[in-house]
Amino acid sequence: DPRWQVGDQVLVNGWGLGEVRWGALSEQISLKSEWLQPLPNGLTGRQCMMFGTAGYTAMLCVMALERYGIQADQGPVLVTGAAGGVGSVAVAILAKLGYEVHASSGRTSETAYLKGLGATEIIDRQSLSEPGRPLNKERWAAAIDSVGSHTLANVCASIHYGGAVAACGLAQGMDLPATVAPFILRGVALLGVESVYRPIPQRIQAWDRLAQLLNPEALSLISQEGGLEDAIPLAQQLLAGQLRGRCLIRVS
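Here the residue index of a chain counts from 1 through its sequence in written order. A pLDDT threshold of at least 70 governs which residues receive local features in this predicted model, and a stricter bar of 80 or more applies before side-chain atom pairs are shown or counted, although totals over entire chains, interfaces and linings include all residues. Values reported for side chains reflect all heavy atoms of the structure, with hydrogen atoms and water molecules removed beforehand.

### Some remarks on helix H7 (residues 200–213)
Okay, so step 1: Labels follow the DSSP assignment, with helices taken as runs of H or I lasting at least four residues and strands as runs of E lasting at least two, numbered in each case from the N terminus. In a helix, the anticipated span is given by 1.5 Å times the number of residues less one. Between its first and last C-alpha atoms H7 spans 20 Å; for 14 residues at 1.5 Å apiece the expected length is 20 Å, and the two agree.
Okay, so step 2: Throughout this description, buried means an accessible area under 20% of the type-specific maximum (1.4 Å probe, protein chains only), exposed means over 50%, and partly exposed covers the range between. All of the buried residues along H7 are Arg203, Ala206, Trp207, Arg209, Leu210, Ala211 and Leu213.
Okay, so step 3: For H7, the secondary structure elements touched by its buried residues are strand E1 (10–11), strand E2 (37–38), helix H1 (45–68) and helix H2 (85–96). Here a residue-residue contact requires only that any non-hydrogen atoms of the pair lie within 4.5 Å.

The following block contains the structure:
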């Protein structure tokens, strides 16, 4: 492909890699050239993978809220699943941009970690994960949700008039047991964020914003590292909800 030369430093994430296509933990891999993008200015390949698809998705969620017009002076922004990969990066990005960040997590042991990333209030996820009312007291100007199900329904029911929720995950479930009340009585917007098949220009924009906003110190708080032999045990811990942030795997 004439766009690429031997020695070019490139990045690829999404496109089903490691999901429906083999090779995500390989040292070498054959890829479609149109999936590639240049390595973002200011980030090494290692740092890009410390962010990973989770960090990139968090940036897409923040950008969705920005496009909708959510500004830092409108009120606090909630991040659900805050100790996870998407949530951790989202908390750090929002705090860096000057938003008041409330973080929902089921692990009280992560309070210091989340406040270190910039959260000002920690909310027990149990208060959001059970069936709730069609409308609740207005608490947040906006939210980033990676949980789905009852959590997303309760979040929507607690958003300020004219606010928005960027939804990108289904950790609790892919159902949405909600009513239309938040949308037709408060004008709340539900913004779907898909990351796997985004066009390259949007990917480049998101990765460039990540490079500008979060420094290596923030990344070191969010990421831990392991060898290839650790991949399966770490995956088991991840499924059990025992990990926080991101896991970087050394494949060589």
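### Here we look at unusual backbone geometry
Okay, so step 1: Notably, Trp15 is not glycine yet its phi reads approximately 55 degrees, a positive angle.
Okay, so step 2: As for its position among the elements, Trp15 is in the loop between E1 and E2.
Okay, so step 3: Residue classification places Trp15 among the buried residues on the basis of a relative accessible area of 12%.
Okay, so step 4: We note that Ser149 has phi near 50 degrees; this positive angle belongs to a residue other than glycine.
Okay, so step 5: By relative accessible area, Ser149 is classed as buried at 4%.

### Let's talk about the environment of Asn136
Okay, so step 1: Relative to the helices and strands, Asn136 resides in the loop between helix H4 (126–129) and strand E6 (140–145).
Okay, so step 2: Taking C-alpha positions, Asn136 is 8.4 Å from Ile159, a pair spaced 23 residues apart along the chain.
Okay, so step 3: Aside from chain neighbours lying at most four places away, what touches Asn136 is Asn154, Ala157, Ser158 and Arg186.

### Some words on the pattern of salt bridges
Okay, so step 1: The salt bridge criterion pairs a side-chain nitrogen of Lys or Arg with a carboxyl oxygen of Asp or Glu, the two atoms within 4 Å. All told, the structure shown has 7 salt bridges when counted by the stated rule.
Okay, so step 2: The residue Arg186 makes a salt bridge to Glu138 at a minimum N-O spacing of 3.6 Å. Highlighted residues: Arg186 in the loop between helix H6 (181–185) and strand E8 (189–192) and Glu138 in the loop between H4 and E6, separated in sequence by 48 residues.
Okay, so step 3: With relative accessibility at 12%, the residue Arg186 sits in the buried group.
Okay, so step 4: Arg250 is the salt-bridge partner of Glu225, the closest N and O atoms lying 3.2 Å from each other. A residue pair is termed long-range when its members are at least 10 positions apart, and Glu225 in strand E9 (residues 223–227) and Arg250 in strand E10 (residues 246–250) qualify at 25 residues.
Okay, so step 5: The partly exposed category is assigned to Glu225, whose relative accessible area is 36%.

### Some details on the side chain of Ser195
Okay, so step 1: With respect to the helices and strands, the residue Ser195 is situated in the loop between E8 and H7.
Okay, so step 2: Judged by relative accessible area, which is 11%, Ser195 ranks as buried.
Okay, so step 3: In protein, a polar contact requires one atom able to donate a hydrogen and another able to accept it; more generally it is a pair of N or O atoms within 3.5 Å, and residues adjacent in sequence count only if both atoms are side-chain atoms. At a separation of 3.2 Å, a polar atom in the side chain of Ser195 contacts the side chain of Thr57.
Okay, so step 4: With sequence-adjacent residues up to four places away left out, Ser195 is seen in contact with Thr53, Tyr56, Thr57, Leu60 and Arg203.

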